[in-house]
Amino acid sequence: MLRKSLRTASSSSYYCSRGGMSSLHSPLVVFFCNHLASFHSQPSNPIKPRNSQIVRDPPVPKLTNLEDALKMFDEMLQRRPLPSIIRFNQILCQLVKLKRYSEVISLYHQLGLLGIVPNDFSLNIIINCHCRLNQMGFSLSVLARFFKFGFEPDVTTLNTLINGFLLEARVAEAAGLFSRMVEGSNCKPDVFTFGALVKGFCIKGNNTAAIQLLRKMDEGACKPNLVVYNTIIDSLCKDTLIVDAQELFSEMITRGIAPDIVTYNSLIHGVCRVGKWKEAIRLLNEMVSNDIFPDILTFNILVDTLCKEGLVVQAESVVQMMIQRDIEPDMVTYSSLMDGYCLRGEMDDAKEVFDKMISKGFRVDVFCYSIMINGYCKRKMVDEAVMLFQEISQMGLVPNTITYNALIDGFCKMGRIQRAQKLFSKMQACGQLPDVQTYAILLDGLCKNQQLSLAIELLREMEERKMDLNIVIYSILIEGLCIVGNIAAAIDLFRCLPSKRLQPDVKMYTIMISGFCNGGLTSEAEKLFKEMEDEGCPPDACTYNIIIRGFINNNETLRAMGLIQQMVERGFAADASTVELIVGLLCKDNVDPALLTLL
């Protein structure tokens, strides 16, 4: 009977979650379950719950699944006299650990129907469950029952509510409750309160508020602990504010708070994100010297960074170090290593890693296949990529957008446009919707293969689908129009960009200047060159080299020399193609030999 009612209750909107759980995890669940005895409040005139004064019942054994918990709950309901509410709370606690929040709420209501009065700890459990299910309205209604039963909410209650607000990204309300605790409540914030709010600010990207809260802890009796420092350091590193993170790290050590593996992993990941892999190695050596040994996350960060830097040999050395320390490389490790070889075009080595993953019993996923397919396509080994693509379905996997994009790009770069278009259609027929990147790849392939009418149709299709088109899409088409010499259409599309709320970037201006120069319209090129400066988009080295070569090729040598002088003054240099043209002019005595000193 109980299980039937539980299933009914769990299916209702009252008990079900309205959304996914946030990544903000409260320490309160563990706190609830491990410190049961410490939560007995002391109200002035409490209504004593039945059977709560003396607990003679045997303690509830450890429960590892829902069925065992329900069985134990049923058995306890048959006892006479009924067990204490404390014993029922122990079952509810263990279900909370199993994240069966809806079932906990349902069992709690069963107790109420049987006349079993909750205590303050029971109510804290139920508030926590509603918070975990993003049901703050219900959490606040349970808070009202504290007063009905004569209890006073304690710091655990308020911490749970703060955490609930943060799970729903309602940081302002969490901060408001925190302020009331600081200013007027008998329940002063503890380290869990500060820690939860700090994490909430960090998740919202408000590092400034998190650091201000840290300083508030410094001023009061509740000092920051390692968790608080780690939270802020990790957030700063994710925002690539490495200097700030390192300063906080130094402050933490000065205060006698020893860093742990979490601290170092955050810092190593942070410096790796900004390309400072040597600093990452230094941090690795430092943590080992402090008897903090790297875990698989540490090694995976280093392997991934070294591979992205093209240092695959060094990454292999890190993998060997893992194995020596009895840390078995996982899918992430091998995927990074495989991607590193693909970036270097060393496809035989990449395939060797791929095969090693299979031989070790890893179930290779579509992400791994996509890495290999992309690597083959970049090396113009499209037939090998096609074989792997076909293997995906044979393995019972489904190609994703990244997989399709890689193979479509491979076909386009090989000039096999019809195959690319066919795969584009198949992708949609299989229910995989193309993204802007897919369209950009196909659009570029059509333009590079001078199929402008199809490219224009594809652009119209994107506009009709109300896709969020960026400047890159229009740059591709404008460049295609310039390549086939349709400068008029390119100009029209270029001048329409402001109406589409798009601002031409330096690449777009450079494409148009190149088109003008190739079409012999050097005056138009010069006007646009000046316009981009006026629009707050200064030319880069590529722009200078393009227009200088354009002037030289159109026998505008004097104007080219003036731009060379300007380019050098701005700290840019001539590229190999420009130097070759200038040397050709020198051989014909068409320019001043002193020009070579500027190059």
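Residues numbered from 1 in each chain as written. Predicted model: local features only at pLDDT ≥ 70, side-chain atom pairs only at ≥ 80, totals over all residues. Heavy atoms only, no water.

1. Quick word on helix H26 (residues 471–483)
Between its first and last C-alpha atoms H26 spans 18 Å; for 13 residues at 1.5 Å apiece the expected length is 18 Å, and the two agree. Along H26, 10 of the 13 residues are buried, which leaves the element largely enclosed by surrounding structure. The complete set of buried residues in H26 reads Ile471, Ile473, Tyr474, Ser475, Ile476, Leu477, Ile478, Gly480, Leu481 and Cys482. The N-capping residue of H26, defined by a side-chain oxygen 3.1 Å from the backbone nitrogen of Val472, is Asn470. Positive phi appears at Gly485, one or two residues downstream of H26, with a value of about 85°. (Helix = DSSP H or I, 4+ residues; strand = E, 2+ residues; numbered from the N terminus. Expected span 1.5 Å × (residues − 1). Buried < 20%, exposed > 50% of the residue type's maximum accessible area, 1.4 Å probe, protein only. Polar contact = N/O pair within 3.5 Å; in protein donor to acceptor, adjacent residues only side chain to side chain.)

2. What about the packing of aromatic side chains?
Considering all chains together, one arrives at 11 aromatic pairs under this definition. Here Phe149 and Phe151 contribute two aromatic rings whose centre-to-centre distance is 6.4 Å and whose plane-to-plane angle is 35°, an arrangement assigned as tilted. With a relative accessible area of 15%, Phe149 lands in the buried category. Looking at Phe151, the relative accessible area reads 6%, which means it is buried. For the pair Tyr544 and Phe572, a centre-to-centre distance of 5.8 Å together with 40° between the ring planes defines the contact as tilted. Note that Tyr544 is positioned in helix H30 (residues 541–553) and Phe572 in the loop between helix H31 (557–569) and helix H32 (576–587), a separation of 28 residues in sequence. On the accessibility criterion, Tyr544 (0% relative accessible area) is buried. In this structure Phe572 comes out as partly exposed when scored by relative accessible area, which is 26%. (Phe/Tyr/Trp six-rings, centres within 6.5 Å; stacked < 30°, edge-to-face > 60°.)

3. Topic: the side chain of Ser235
By the secondary structure assignment, Ser235 is in helix H12 (residues 226–238). Given the relative accessible area of 6%, Ser235 is considered buried. Discounting residues that sit within four places of it in the chain, Ser235 has contacts with Cys202 and Asn207. (Contact = heavy atoms within 4.5 Å.)

4. Description of the confidence of the model for the chain
Confidence in the prediction of the chain, expressed as mean pLDDT, is 86, and 88% of residues score 70 or more. Residue range residues 1–54 is modelled with pLDDT below 50. Its contacts to residues more than four positions away, or to other chains, number 123 contacts. (pLDDT = per-residue confidence, 0-100.)

5. A few points about the packing of helix H10 (residues 191–203) against helix H11 (residues 207–219)
At a minimum axis distance of 7 Å, the contact between H10 and H11 shows a crossing angle of 160°. Here H10 lies roughly antiparallel to H11, going by the angle between them. For the element pair H10 and H11, the recorded crossing hand is left-handed. Across the interface between the two elements, Val191, Phe194, Leu197, Val198, Phe201 and Cys202 from H10 touch Asn207, Ala209, Ala210, Leu213 and Met217 from H11. Grouping the constituent residues of the contact of H10 with H11 by class yields 10 nonpolar, one polar and no charged. (Axes fitted to C-alpha atoms, helices over the stretch in contact; angles between N-to-C directions. Parallel < 35°, antiparallel > 145°, perpendicular 65-115°, else oblique. Left-handed = near helix turned anticlockwise from the far one by under 90°. Nonpolar A, V, L, I, M, F, W, Y, C, P; charged D, E, K, R; others polar.)

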